[in-house]
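Single-letter residue listing:
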Amino acid sequence: MSTIGKVIRCRAAILWKPGVQFSIEEVEVAPPKAKEVRIKIVATGLCGTEMKMLENETSHYHYPIIMGHEAAGIVESVGEGVSTVKTGDKVITLFLPQCGECASCLNPGDNLCIQIKQSKSSLMSDGTSRFTCKGKPVYHFANTSTFSEYTVIKEISVAKIDAVAPLEKVCLVSCGFSTGYGAAINTAKVTPGSTCAVFGLGGVGLSVIIGCKAAGAARIIGVDINKDKFEKAKEVGATECINPQDFKKPIQEVLFDMTGAGVDFCFEVIGNPETVEAALASCNESHGVCVIVGLLAGVQLNISGWLFLSGRSLKGTVFGGWKSKESASKLVSDYMAKKFNLDPLITHTLNLDKINEAVEFMKTGKCIRCILLP
């Protein structure tokens with residue numbers, strides 16, 4: 001029986017308030033309104049962004065909320081005026097929209113669509129939610145809300161992909177892989193023969209390494225306090241890995257000793273203010289580029305001005321600099337053409353109702369990426 005135009009009852013992982021575990025509940029998902037798409041989620045990743053939110057008991061988001069933003073699925077139905085996808089299409093969800101009309105979208109070198117600000121309200125464009133649970137509205141998250149069997153997303157936050165793409169793999173293109181890979185390719189613009197250092201060897205950090213290797217870097221140094229991650233880092237392209245705890249010197253001095261003059265490109269993929277300063281100080285004094293990839297929301301950086309005096313630069317990145325809607329489908333096609341491998345990034349796969357177990361796996365440091373199957 002067709003569900004088009006009807007309310008769908010399904011399961012979702014709801015966070016009722018900050019600092020608690022997810023609760024699996026039955027929710028009602030309303031049909032999509034104009035320029036909206038209702039999607040059956042097939043696979044969704046547990047990203048570091050959610051992990052940071054779970055640890056932050058003073059989150060600015062509204063509750064109850066359905067989190068999740070890294071996912072792939074199949075279009076169930078579309079609202080009035082939707083033209084880029086149709087029922088049955090395989091799609092990637094996009095926390096970073098691409099409206100194609102704002103100044104950022106029209107600038108070839110910019111990807112921060114102004115419509116991303118809409119996500120801060122945790123509601124759809126008309127100021128309402130498409131989710132209800134126990135008679136109460138449930139807030140949206142990051143334009144996506146993928147920890148649900150079904151979700152409703154604006155058309156500008158959905159990208160159609162290859163019909164034969166394995167959704168349980170390419171869902172990583174929705175956030176983690178694209179962010180790390182693009183940080184190397186687009187934001188830092190890693191050059192052939194260069195030396196790179198990557199601080200933080202989680203899923204995004206490994207994606208940075210894949211990007212550095214693709215760009216032709218000659219030396220890629222992985223940096224992490226968890227040695228269990230070194231083997232995986234070398235598998236995807238790191239030439240060597242070091243643990244800062246093994247040295248008496250600050251890690252920036254260690255990297256200077258290893259390279260002679262500092263690294264050409266450095267990536268902070270943790271979201272720690274102290275690590276950012278160390279990463280910047282690890283860069284070559286005259287031309288080194290440091291990219292902050294880790295989430296640094298709500299924190300202040302305290303960095304010596306001397307680090308910039310001779311020419312170092314510090315940059316941020318969102319979604320790896322990719323224009324989301326047009327780039328996601330191309331990245332999936334590149335994966336299908338075997339230009340890169342996503343398999344090493346996925347270490348665990350669980351059903352959605354095991355999401356709290358997935359959170360615990362992530363906390364242990366033994367999990368790179370856990371894919372949840374609704």
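Structure: see above.
Residues numbered from 1 in each chain as written. Predicted model: local features only at pLDDT ≥ 70, side-chain atom pairs only at ≥ 80, totals over all residues. Heavy atoms only, no water.

(A) The nonpolar core, seen in detail. Phe-22, Phe-147, Phe-177, Val-190, Ile-209, Cys-212 and Phe-267 are the most contacted members of the largest nonpolar core, which has 92 residues in total. Taken domain by domain, this core gets at least three of its residues from each of domain 1 (177-320) and domain 2 (342-373). Within the second largest apolar cluster, 21 residues are counted, among which are Phe-199, Val-223, Leu-255 and Ala-279. (Core = buried A, V, L, I, M, F, W, Y, C linked by side-chain atoms within 4.5 Å. Buried < 20%, exposed > 50% of the residue type's maximum accessible area, 1.4 Å probe, protein only. Domains from an automatic or database assignment.)

(B) Region of interest: the pattern of salt bridges. Overall, the coordinates contain 18 salt bridges when judged by the stated rule. Lys-227 is the salt-bridge partner of Asp-246, the closest N and O atoms lying 3.0 Å from each other. Taken together, the positions of Asp-246 in the loop between strand E13 (240-242) and helix H7 (251-259) and Lys-227 in the loop between strand E12 (219-223) and helix H6 (230-236) put the pair 19 residues apart, joining distant regions of the chain. Accessibility expressed as a relative area gives 45% for Lys-227, which makes it partly exposed. A cluster of three or more residues bridged by salt bridges with shared partners is formed by Lys-33, Glu-36, Asp-126 and Arg-130. (Salt bridge = Lys/Arg side-chain N within 4 Å of Asp/Glu carboxyl O. Helix = DSSP H or I, 4+ residues; strand = E, 2+ residues; numbered from the N terminus.)

(C) Focus on the sheet that holds strand E15 (residues 289-292). Spatially, 6 strands are ordered E13-E12-E11-E14-E15-E16 in an open sheet, and the strand pairing comes out parallel. Whereas interior strands pair on both sides, the edge strands pair on one side only; in this sheet they are E13 and strand E16 (313-316). With direction set aside, neighbouring strand axes in the sheet form an average angle of 20°. Bridging between strand E11 (residues 195-199) and E12 involves 5 bridges; their strand directions are parallel. Across the sheet, the residue bridging to Thr-195 is Arg-219, located in E12. Of the strands in this sheet, E11, E12 and E13 are in contact with H7, which crosses E12 at around 160°. (Pairing = 2+ DSSP bridges. Axes fitted to C-alpha atoms, helices over the stretch in contact; angles between N-to-C directions. Contact = heavy atoms within 4.5 Å.)

(D) Broad picture of the layout of surface pockets. If you add up the space inside the second largest pocket, you get close to 260 Å³. If you go around the second largest pocket, you meet 16 residues; those closest to its centre are Gly-109, Asp-110, Asn-186, Gly-321 and Trp-322. Those elements that provide at least two residues to the lining of the second largest pocket are helix H4 (176-188), E16 and helix H10 (324-336). Within the lining of the second largest pocket, the residues separate by chemical class into 3 nonpolar, 8 polar and 5 charged. (1 Å grid on protein atoms, 1.4 Å probe; cavity = no way out; pocket = protein on both sides within 12 Å on 5 of 7 lines; lining within 4 Å. Points joined across faces, edges and corners; volume = space filled by probe spheres on them. Nonpolar A, V, L, I, M, F, W, Y, C, P; charged D, E, K, R; others polar.)

(E) Just the sheet that holds strand E2 (residues 23-29), in detail. Sheet architecture is open: 5 strands sit in the order E4-E1-E2-E7-E8, paired in antiparallel fashion. In this open sheet, the two strands that pair with only one neighbour each are strand E4 (65-66) and strand E8 (136-138). Strand direction decides the pairing type here: strand E1 (residues 8-15) and E4, joined by 2 bridges, are antiparallel. Looking at the pairing, Leu-15 lines up with Ile-65 of E4.

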